[in-house]
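# Coordinates in review
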Amino acid sequence: MRNETSMFRSRLRRAVLLLPVLGLTLAAAGCETLETLNPFNEREKPLPGARQPVFPEGVPGVDYNQAPPQPANSAYNPYQNEPPAAGAASAVSPGAAPAE
């Protein structure tokens, strides 16, 4: 009993110590300020040449005044309970007698 308790505590202690380290590691990975802590003091140099826009009048074939297209299944709602259409076959309950 004593050994199981100490084993549980050691695992718990290891997990409690690991969580902040993991959190700080993930936070530092997404931090842009670490770029200034470059130990080699190398700076990225922009490529030489003049900067020119690729499409100065906009992307050809794209109408910016039109609404974006909707996905093909945008009208589909599986949770909507609508009665069947007028021409559709009606469902018969399993215990009902056939209509004559």
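A few points on the structure. Everything numeric in this text was worked out from a predicted model, so none of it was measured. Each chain has its residues counted from 1, following the order in which its sequence is written. The predicted origin of the model limits local features to residues at a pLDDT of at least 70 and limits the giving and counting of side-chain atom pairs to 80 or more, whereas totals for whole chains, interfaces and linings rest on all residues. The basis for every side-chain value is the complete set of heavy atoms in the structure, and neither hydrogens nor water enter the calculation.

Secondary structure summary: the protein contains 1 helix and 0 strands in total. Accessibility here uses a 1.4 Å probe with only protein chains present; expressed as a share of the type maximum, an area under 20% marks a residue as buried, one over 50% as exposed, and anything in between as partly exposed. In the protein, which comprises 100 residues, the proportion classed as buried is 0%. As presented, the protein carries roughly 10700 Å² of accessible surface, and 60% of it is formed by carbon and sulfur atoms. In this text, helices come from DSSP runs of H or I with a minimum length of four residues, and strands from runs of E with a minimum of two, each type numbered from the N-terminal end. Computed with a 1.4 Å probe, the accessible areas rest on the Shrake-Rupley method; for each residue, only the protein chains presented here act as cover.

This paragraph deals with a nonpolar patch on the surface. A patch is a set of surface residues, each over 30% in relative accessible area and not in a salt bridge, joined within 9 Å for like charges and within 5 Å for the nonpolar side chains Val, Leu, Ile, Met, Phe, Trp and Tyr. The rule for a salt bridge is simple: a side-chain nitrogen of Lys or Arg has to be within 4 Å of a carboxyl oxygen of Asp or Glu. The grouping of Val-54, Phe-55, Val-59, Val-62 and Tyr-64 at the surface amounts to a nonpolar patch, some 520 Å² of accessible area in total. Mapped onto the secondary structure, Phe-55 falls in the segment after helix 1 (2-29). When its relative accessible area of 45% is taken as the criterion, Phe-55 is described as partly exposed.

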